[in-house]
Amino acid sequence: MKVVIIGSGLGGLSCGLILSRNGYDVTILEQATQPGGCLQSFARHGVSFETGLHFIGSADPGQVLHRLLSYLGVMDHLRLSRLDPSGYDVISLQGRQFRMANGREAFIDTLAADFPHQRDALHRYFDVITRVASASSLHTLRRAGTDTSALTTEYQLRSVDEVVGQLVGDPLLRQVLVGCLPLYAGQRARTPFATHAFITDFYNQSAFRIVGGSACLARALVSAISRQGGQVVCNHKATSIVCNDTQAVGVETSSRFFPADVVIAAIHPATVISLCGSPLLRPAFRRRVQALPATVGCFTLYLRFKPQTVPYMNHNFYGYCQPSPWDCECYTPSQWPKGYLYMHCCNSAHQQWADGAIILSYMQFSEVAPWQGTPVGHRGDDYLQLKHQRAERLIEAVSHDFPGLRQAIAGYDTSTPLTYLDYTGTPRGSMYGIARDITLGPAARVHHRTRVPNLLLAGQNINSHGILGVLVGTIVTCSELLTSEHIFNQIMKESNS
């Protein structure tokens, strides 16, 4: 059977690899000049920068990501650099810093040193994190099937702030525990606690950077697909999903038609419905998808340092210029930035000095919307001036926590939500695509199956974002063709070999 996959991000590449290793004839179409989507990296003056996947979790032997990447056949092709187990994340609230340590006991002991009267609350909090994460058979790879447990459902319908507020009495500790909000663009009273639980559990088990950047993972996946007989075709933007009266028959690009028995769209669902004119996709479904809220976008600063001026920082740093991590996406120009995420780039296995860093802060698409549709690199002086002003403001904010940073900078580049829109095709340049919103109930979720029987969906918008969420979604999508039992048996065989 011929499978045509639209989009070569992690969702498209992982679907392509699983299906090609199981005998399907796979072609992956990518609109850009290089594959990878948010796995892409770019280099400036010898420094490599990630565009989306900045660090990973649960990658020690036996842990869930290690098992998945081993199953895909790429684990041995990656070099990993472990983040500091005593504090892989550091949360800074108005100058006071708190460390998140790997492992349950270390996590609780480290925070209890700052909050000695909250040890019981920390145990309660971690108990719920573990119970929610463990209740998902997909996220733990315990067995084949789908997540239908009452516990998972409950915490998909309760917000992060509600649950944390119920479990933890100390107001400051509540803010510390949600300090990693930028990892999922969490919103007060909207983001489900289950999202927070999965991500917290994922990184608490272990945390790493990929040496050389996330493009190493993209290259390993593309190479593995090629070895299985599949192909990734770049510079081919899908212009239409061609259907007859009953099903999809292929994908049209600007220069070629690709016939298909199955089409998998690993792109935003709103883009899918714009490509597919089939009446099988009902008007109500089209309206719902088009109305789904998007996560906020971000402004990103890519710093290059002068040689041997900045010691390598082996953790992620979340800095907040206000008492709480919440509502950083709501700002006026004079308030920006309310917070930021600061990370060093890892370009060697035993790095002593940082040669580059990435700083992210929320940015609303409305600020760059006037330049939508203009060509990259030709957006005019006003756009360049906006980016320069934001870069300088962000450097100033980070310098409060890292004095001397400005003097160590050799140069920098920037990106905005408009950049993400151009390079990944994500509507409004959102960080994580569709927002998970408890106020919308089941309407906030898009199923991997569509009314076109051989048109399937994959990627961060279908299950959840992040490397684990996307790979779990890949298993669900590919199970339509292979069955979940077949895939789980292959994963178990790989784990035991």
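Right above here is the structure, for reference.
An account of the accompanying structure is given in this report. This structure is a prediction, so every number in the text was calculated from the model and none was measured.

1. Focus on the overall build of the protein chain
Here's step 1: When helices and strands are counted, the protein chain shows 17 helices and 20 strands.
Here's step 2: Expected size for 497 residues packed as a compact globule is a radius of gyration near 23 Å; at 22 Å, the protein chain falls within 12% of this value.
Here's step 3: For the protein chain, the C-alpha atoms occupy an extent of roughly 60 × 55 × 45 Å along the three principal directions.
Here's step 4: Buried positions account for 59% of the 497 residues belonging to the protein chain.

2. Notes on the pairing of strand β2 (residues 25-29)
Here's step 1: Burial within β2 is extensive, with four of its five residues counted as buried.
Here's step 2: The sheet contact formed by strand β1 (residues 2-6) and β2 spans five bridges and is parallel. Bridge assignment links Ile6 to a residue of β2, and that residue is Leu29.
Here's step 3: Handedness of the β-α-β unit built from β1, helix α1 (residues 10-20) and β2 comes out right-handed.

3. Structural notes on the pattern of salt bridges
Here's step 1: Across all of its chains, the model carries 15 salt bridges by this definition.
Here's step 2: Among the ionic pairs, Asp413 bridges to Arg44, the shortest N-O distance being 3.9 Å. Of the two residues, Asp413 sits in strand β19 (residues 409-415) while Arg44 sits in strand β3 (residues 41-44), which places them 369 residues apart along the sequence.
Here's step 3: Arg449 is the partner of Glu480 in a salt bridge, and the nearest nitrogen-oxygen pair spans 2.8 Å. Of this pair, Glu480 sits in helix α16 (residues 466-482) while Arg449 sits in the loop between α15 (417-424) and β20 (455-457); the two residues are 31 residues apart in sequence, bridging distant segments of the chain.
Here's step 4: Several salt bridges share partner residues, and in doing so they unite Arg104, Glu105 and Asp127 into one network.

4. Structural notes on the packing of aromatic side chains
Here's step 1: What the rule picks out here adds up to 14 aromatic pairs.
Here's step 2: Taken together, the aromatic side chains of Phe317, Tyr340, Tyr342 and Phe402 make up a single cluster linked through ring pairs.
Here's step 3: For Arg379, the ring lying beneath its charged end belongs to Tyr383, and the centroid distance is 5.5 Å.
Here's step 4: Here the basic side chain of Arg390 rests over the ring of Trp336, its NZ or CZ set 4.7 Å away from the ring centre.

5. Some thoughts on α15
Here's step 1: Of the residues making up α15, those classed as buried are Pro417, Leu418, Thr419, Tyr420 and Leu421.
Here's step 2: As for α15, its buried residues are in contact with β15 (297-305), β18 (356-363), α13 (381-401) and β19.
Here's step 3: A positive backbone phi angle near 75° is found at Gly425, which sits one or two residues after α15.

6. What about the sheet that holds strand β17 (residues 339-344)?
Here's step 1: Read across the sheet, seven strands follow the order β8-β7-β16-β17-β18-β15-β19 without closing on themselves; strand pairing throughout is mixed. Taken across any chain shown, the strands that pair with only one partner, and hence form the sheet edges, are β8 (96-100) and β19. Averaged over neighbouring strand pairs, the angle between their axes works out to 20° when direction is ignored.
Here's step 2: Looking at chain direction, β17 and β18 are connected through four bridges and run antiparallel. Residue pairing for β18: Met343 is matched across the bridge by Ile358.

7. A closer look at the pairing of strand β14 (residues 262-265)
Here's step 1: Of the two faces of β14, both are covered, the one formed by Val262 and Ile264 as well as the one formed by Val263 and Ala265.
Here's step 2: Bridging between β1 and β14 involves four bridges; their strand directions are parallel. Bridging across to β14, Ile5 finds its partner in Ile264.

8. Considerations on the sheet that holds strand β6 (residues 80-82)
Here's step 1: Taken in spatial order, the three strands line up as β5-β9-β6 in an open sheet, and their pairing is antiparallel. Either end of the sheet is taken by a strand with one partner, and the two such strands are β5 (56-57) and β6.
Here's step 2: Taken together, the two bridges between β5 and strand β9 (residues 207-210) define a ladder with antiparallel strand orientation. Counterpart to Ile56 in the pairing with β9 is Phe208.

9. Remarks on the environment of Cys298
Here's step 1: Counting through the fold element by element, Cys298 comes out in strand β15.
Here's step 2: When its relative accessible area of 2% is taken as the criterion, Cys298 is described as buried.
Here's step 3: Distance in space between the C-alpha atoms of Cys298 and Leu221 is 27 Å, their sequence separation being 77 residues.
Here's step 4: Ignoring anything within four residues of it in the chain, the contact list for Cys298 reads Leu360, Ser361, Tyr362, Met363, Ser415, Thr416, Pro417, Tyr420 and Met431.

10. Let's talk about the environment of Phe488
Here's step 1: Note that Phe488 resides in helix α17 (residues 484-496).
Here's step 2: On the accessibility criterion, Phe488 (5% relative accessible area) is buried.
Here's step 3: Once the C-alpha coordinates of Phe488 and Pro35 are considered, the two residues, 453 residues apart in sequence, prove to be 27 Å apart.

Definitions and limits used
Residues numbered from 1 in each chain as written. Predicted model: local features only at pLDDT ≥ 70, side-chain atom pairs only at ≥ 80, totals over all residues. Heavy atoms only, no water. Helix = DSSP H or I, 4+ residues; strand = E, 2+ residues; numbered from the N terminus. Rg over C-alpha atoms; globule rule 2.2 N^0.38 Å. Buried < 20%, exposed > 50% of the residue type's maximum accessible area, 1.4 Å probe, protein only. Pairing = 2+ DSSP bridges. Right-handed = clockwise from strand over helix to strand, strands pointing away. Salt bridge = Lys/Arg side-chain N within 4 Å of Asp/Glu carboxyl O. Phe/Tyr/Trp six-rings, centres within 6.5 Å; stacked < 30°, edge-to-face > 60°. Lys NZ or Arg CZ within 6 Å of the ring centre and 35° of its normal. Contact = heavy atoms within 4.5 Å. Axes fitted to C-alpha atoms, helices over the stretch in contact; angles between N-to-C directions.

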